[in-house]
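Observations on chain architecture
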Amino acid sequence: MRRKIAFKPITLVLFLMTFLSYAKDTNQHGETKKDKKTEIKEYIQHHLQDSYDFSLTSYTKENGEHVYVGFPLPVILWDNGLKVFSSSKLHHGEDVAEVDGNFYKQHHSKLYKVDGPNGKIIEDEDGHATNAKPLDFSITKNVVVIFLVGVLMFFLFRGLAKSYARNGNIAKGAGRFFEPIVLYIRDDIAIPNIGEKKYKKYMPYLLTVFFFIWFINILGLTPLGVNVTNSISVTVALALITFILTNFTGTKDYWKHIFDPLGDSMPWIAKIPLYIILIPIEVLGIFIKPFSLLIRLYANIKAGHIVLMSLIGLMFLFKSWLGSPLSFGLAFAISLIELLVALLQAYIFTMLSALYFGFASETHDHAEEHEGEVQHL
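Calculation criteria
- Residues numbered from 1 in each chain as written.
- Predicted model: local features only at pLDDT ≥ 70, side-chain atom pairs only at ≥ 80, totals over all residues.
- Heavy atoms only, no water.
- Pairing = 2+ DSSP bridges.
- Helix = DSSP H or I, 4+ residues; strand = E, 2+ residues; numbered from the N terminus.
- UniProt positions renumbered as here; feature names shortened; annotations may be inferred.
- Axes fitted to C-alpha atoms, helices over the stretch in contact; angles between N-to-C directions.
- Parallel < 35°, antiparallel > 145°, perpendicular 65-115°, else oblique.
- Contact = heavy atoms within 4.5 Å.
- Nonpolar A, V, L, I, M, F, W, Y, C, P; charged D, E, K, R; others polar.
- Phe/Tyr/Trp six-rings, centres within 6.5 Å; stacked < 30°, edge-to-face > 60°.
- Buried < 20%, exposed > 50% of the residue type's maximum accessible area, 1.4 Å probe, protein only.
- Patch = residues over 30% accessible without salt bridge, like charges linked within 9 Å, V, L, I, M, F, W, Y side chains within 5 Å.
- Areas by Shrake-Rupley, 256 points an atom, 1.4 Å probe, with all protein chains shown as cover.
- Salt bridge = Lys/Arg side-chain N within 4 Å of Asp/Glu carboxyl O.
- Lys, Arg positive; Asp, Glu negative; His and termini not counted.
- Charge placed at Lys NZ, Arg CZ, Asp CG, Glu CD.

Taken in spatial order, the three strands make up an open sheet running β4-β3-β8, and their pairing is antiparallel. Edge positions in the sheet fall to β4 (82-86) and β8 (135-136), since each of these pairs with one other strand and no more. Of the strand pairs in this sheet, strand β3 (residues 74-78) and β4 are connected by five bridges, and their pairing is antiparallel. If you follow Leu77 over to β4, its bridge partner there is Lys83.

See the structure below:
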């Protein structure tokens, strides 16, 4: 924990340097000078979006040339055939890319077709692009980070498993740090919510989703501009997996509770009026549970980034010996809280998923219950 807190001031300083370089570059490179509030707002919106390249920072030369530090990523489109090209053709969304006689331009982190090398994006009254949009399978910055975290988790826990095998179930190296977390997820999340008989088949997913969300959220606090879990598509995918596992592994008692929640407590004739209300509520609950998972993760992470960057942006607005240090102190405090939020959101997602799995795997041994009632009598 001390290492994380000690690393955070460096992270915040690097982020401030990136923010400052952007504010400076926008004034020098932009065709029309914008007020500082608009520049800060545009930077925050840009930071929250995915991109077709991996940019670490940028600066402007004396001759006005805008230089980006990073590397391009492959753009993969399906537009009457497969179109593959480097994102360097887009020049960070400033240029139009020509591929096999087709022209593509970036608009709000999405690619659209335009008429020619000087084609423009046509927007409707709500600001949405009306140009044709090809199917996009590009390897974006978020996709790269997902792959990297997946590879990191594979080698990390592969090493943990090998150390268990070599040292008589005793973890070595980095495994000593992660072993208590794995045991906590098993003993305090999986077993209490799912039960000792069925928790093992859900453990691989619970461990994977916990460490995936945690690692991704931690990377989101670095100056790399990584914001995977504030993308609604990513949180939808995670919640959809929980939804599928919950309902496809549900027992007959689980489904009976949904479509016959009152059981044998009263005759069917008396239950029909109640079921007109109860059954739709139970069915709706099947979809509300994963929806709450994805919205909670998405909203908390995105709100945290917006608040943190807004506080940093206030430093460029105040420009005073009192306001700027105050904004910096608040931003530093929020960044420390975000470390806790990164872990807390992973814990909540894993805990609720285990709770839903417990509901789905719940069984009632009616024979044993009947025998217990007879013995009691």
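Moving on: the UniProt feature "transmembrane region" (unreviewed entry) in the protein. According to UniProt, the positions carrying the feature "transmembrane region" (unreviewed entry) are residues 143-161, 205-226, 232-251, 272-291, 297-318 and 330-357. Between the end C-alpha atoms of residues 205-226 the distance is 23 Å, and the span holds 68% helix and 0% strand. As a span, residues 272-291 carries 100% helix and 0% strand, and end to end its C-alpha atoms are 29 Å apart.

Looking now at the packing of helix α7 (residues 252-259) against helix α8 (residues 268-318). Interaxial distance between α7 and α8 falls to 7 Å at its minimum, and their mutual angle equals 130°. When the interaxial angle is binned, α7 and α8 end up oblique. In this structure, α7 contributes Tyr254, Trp255, His257, Ile258 and Phe259 to the contact, and α8 contributes Tyr275, Ile279, Glu282, Val283 and Ile286. Here the contact of α7 with α8 is built from residues that sort into eight nonpolar, one polar and one charged.

As a further point, take the pairing of strand β7 (residues 110-114). Where strand β6 (residues 102-107) and β7 come together, five bridges link them in antiparallel fashion. What sits directly across from Tyr104, in β7, is Lys113.

What follows concerns the packing of aromatic side chains. Counting across every chain of the model gives 19 aromatic pairs. Relative to Phe215, the ring of Phe211 has its centre 5.8 Å away and its plane inclined at 50°; by these criteria the two rings are tilted. Residue Phe211 and its partner Phe215 are both found in helix α5 (residues 203-219); the two are separated by four residues, about one turn of the helix. Of the two residues, Phe211 and Phe215, neither departs from the other in class, the shared state being buried. By way of ring pairs, the aromatic residues Phe157, Phe177, Phe178, Phe210, Phe211, Trp214 and Phe215 are connected into one cluster.

What follows deals with the pairing of β6. Of all six residues in β6, six are buried, a share of seventy percent or more. Here β6 shows no split at all, with Asn102, Tyr104 and Gln106 on one side and Phe103, Lys105 and His107 on the other all buried. As judged from the three bridges shared by strand β5 (residues 97-99) and β6, these two strands associate in the antiparallel manner. Of the residues in β6, the one forming a bridge with Val99 is Asn102. Linking two consecutive strands that pair antiparallel, namely β5 and β6, is a turn of two residues; a positive phi of about 55° is found at Asp100 within it. Once β6 ends, the chain turns through two residues before running back antiparallel as β7, passing His108 with a positive phi of about 55°.

Together, Glu123, Asp124, Glu125 and Asp126 line one region of the surface with negative charge. Locating Asp126 in the fold gives a position in the loop between β7 and β8. The exposed category is assigned to Asp126, whose relative accessible area is 63%.

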